[in-house]
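For reference, the chains in residue letters:
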Amino acid sequence: MNAYFMRRRGSPLVVSSLHRMDFDSLSTSERFTIASSSPLSEEERLEAEATLLREASAALSRWRQEKRYIPRLMLSAAVFIVLYLFLSVAVPDPIPVVDEVLLSFLGAAGIWIIVSRMDARSSYMAGKLEAIEVSIAEAEAMVSDDMRSIEDLYARFQSMGLLELAEAISSGSLPALVAAPEWLEDFSEALHLHLKASDRGIDRTIARIGGRGSERFLIHQVTTGALDMPDLALYLAIRES
């Protein structure tokens, strides 16, 4: 697995290829490499590890929800049916069906929540999380000149005015990277997930670029807090490299 540490104004940007991790076969033998333009300080290393742990925990939770969705659904449906039949026969009700459906639904929802919490606290999930923590703690640091090129390009975008950058994005005139390292596609996908995490509508935003009034639209997205334009510019520039 690769992680990328990029220095910028404010807090650094850390993106990774955690989205490609196979949680089914995850073990402590999994290894991370953290690429940066220069050696990481102790503080930067701790910040990178903390970011990766948060992302890994969220990715593991999504994986668990998807993996256990069908069993939880079937169990909840079974509880709903059993409760509905029991209440229909055993409890006299002046308003038929309504109370039975409501109570059965609450019972099914309760089972869904209980099972979800049991899954999250299981020793199986704890082992997966421990394996990720070990892998991140033992991650190898790698200094890359290509990361320096990416940082320089990103700094250029950050130095541009909001309108100037919006116009460059809309017109497709963003500068591109001089060289494309072999891991650039992985970095691009990781950066796209970073954008999507802060703005779920980022793909719709990208689709509108180049259309009428797209500069104003981009500026509006920034002012409403949904978009980081330098991040978007970097993603688009790399995607076209």
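Up top is the structure.
Here the structure is a predicted model, which is why all the values come from computation and not from measurement.

Rules used in this analysis
Residues numbered from 1 in each chain as written. Predicted model: local features only at pLDDT ≥ 70, side-chain atom pairs only at ≥ 80, totals over all residues. Heavy atoms only, no water. Helix = DSSP H or I, 4+ residues; strand = E, 2+ residues; numbered from the N terminus. Rg over C-alpha atoms; globule rule 2.2 N^0.38 Å. Buried < 20%, exposed > 50% of the residue type's maximum accessible area, 1.4 Å probe, protein only. Contact = heavy atoms within 4.5 Å. Areas by Shrake-Rupley, 256 points an atom, 1.4 Å probe, with all protein chains shown as cover. Lys, Arg positive; Asp, Glu negative; His and termini not counted. Charge placed at Lys NZ, Arg CZ, Asp CG, Glu CD. Axes fitted to C-alpha atoms, helices over the stretch in contact; angles between N-to-C directions. Parallel < 35°, antiparallel > 145°, perpendicular 65-115°, else oblique. Left-handed = near helix turned anticlockwise from the far one by under 90°. Nonpolar A, V, L, I, M, F, W, Y, C, P; charged D, E, K, R; others polar. Salt bridge = Lys/Arg side-chain N within 4 Å of Asp/Glu carboxyl O. Phe/Tyr/Trp six-rings, centres within 6.5 Å; stacked < 30°, edge-to-face > 60°.

Caption draft 1: Representation of the overall build of the protein chain. Along its length, the protein chain carries 10 helices and 4 strands. Shown N-terminal to C-terminal, the secondary structure of the protein chain runs as helices and strands in the order β-β-β-α-α-α-α-β-α-α-α-α-α-α. Taken against the 2.2 N^0.38 rule, which gives 18 Å for 241 residues, the C-alpha radius of gyration of the protein chain at 24 Å runs more than 25% over that of a compact globule. Out of the 241 residues belonging to the protein chain, those deemed buried represent 40%. Considering only intrachain contacts with a sequence separation of at least 6, the fraction spanning at least 24 residues in the protein chain is 78%. As displayed, the protein chain offers around 13,500 Å² of accessible surface, 57% of which is attributable to carbon and sulfur atoms. Averaging the locations of the 24 positively and 34 negatively charged side chains of the protein chain gives two centres separated by 5 Å.

Caption draft 2: Main features of the packing of helix α6 (residues 162-171) against helix α10 (residues 229-239). Two elements in contact, α6 and α10, have axes whose closest approach is 11 Å; the angle formed by their N-to-C orientations is 25°. Taken together, the axes of α6 and α10 lie roughly parallel to each other. The hand of the α6/α10 crossing is left-handed. Mapping the contact onto sequence places Leu 162, Leu 165, Ala 166 and Ile 169 in α6 and Met 229, Pro 230, Leu 232, Ala 233 and Leu 236 in α10. Taken together, the residues of the contact of α6 with α10 break down into 9 nonpolar, no polar and no charged.

Caption draft 3: Focus on the pattern of salt bridges. Inspection of every chain in the model, using the stated rule, returns 7 salt bridges. Across the pair Glu 151 and Arg 7 runs a salt bridge, and its minimum N-O distance is 3.9 Å. Taken as a pair, Glu 151 in helix α5 (residues 145-159) and Arg 7 in the loop between β1 (2-6) and β2 (13-16) lie far apart in primary sequence, 144 residues in all. According to the relative accessible area criterion, Glu 151 is buried, its value standing at 8%.

Caption draft 4: The arrangement of the side chain of Ser 144 in detail. Here Ser 144 shows up in the loop between β4 (140-143) and α5. Residues within four places of Ser 144 in sequence aside, it is in contact with Ser 36, Ser 37 and Trp 183.

Caption draft 5: Seen up close, the side chain of Gln 221. For Gln 221, the location among the structural elements is in helix α9 (residues 214-223). Given a relative accessible area of 14%, Gln 221 falls into the buried group. Residue contacts for Gln 221: discarding those within four places in its chain leaves Asp 199, Thr 205, Ala 226 and Leu 227.

Caption draft 6: Structural detail: the packing of α6 against α9. The geometry of α6 relative to α9 is characterised by a closest axis approach of 9 Å and an angle of 130° between their N-to-C directions. The pairing of α6 with α9 is recorded here as oblique in orientation. Remark: the crossing between α6 and α9 carries right-handed chirality. Contact residues: Leu 162, Leu 163, Ala 166, Glu 167, Ile 169 and Ser 170 in α6; Ser 214, Glu 215, Leu 218, Ile 219 and Val 222 in α9.

Caption draft 7: Region of the structure containing α10. The element α10 is largely enclosed, with a buried count of 10 among its 11 residues. Listing the buried residues of α10 in full gives Met 229, Pro 230, Asp 231, Leu 232, Ala 233, Leu 234, Tyr 235, Leu 236, Ala 237 and Ile 238.

Caption draft 8: Molecular detail of the packing of aromatic side chains. Enumeration according to the criterion identifies 5 aromatic pairs in this entry. Ring centres of Tyr 4 and Phe 187 lie 5.1 Å apart, and the angle between their planes is 80°; this geometry places the pair in the edge-to-face category. With Tyr 4 in strand β1 and Phe 187 in helix α7 (residues 184-198), the pair connects residues that are 183 residues apart, well separated along the chain. Arranged with centres 5.7 Å apart and planes meeting at 75°, the rings of Tyr 69 and Trp 112 form a pair that is edge-to-face. With Tyr 69 in helix α2 (residues 69-90) and Trp 112 in helix α3 (residues 98-120), the pair connects residues that are 43 residues apart, well separated along the chain. The class of Tyr 69 is partly exposed, set by a relative accessible area of 39%.

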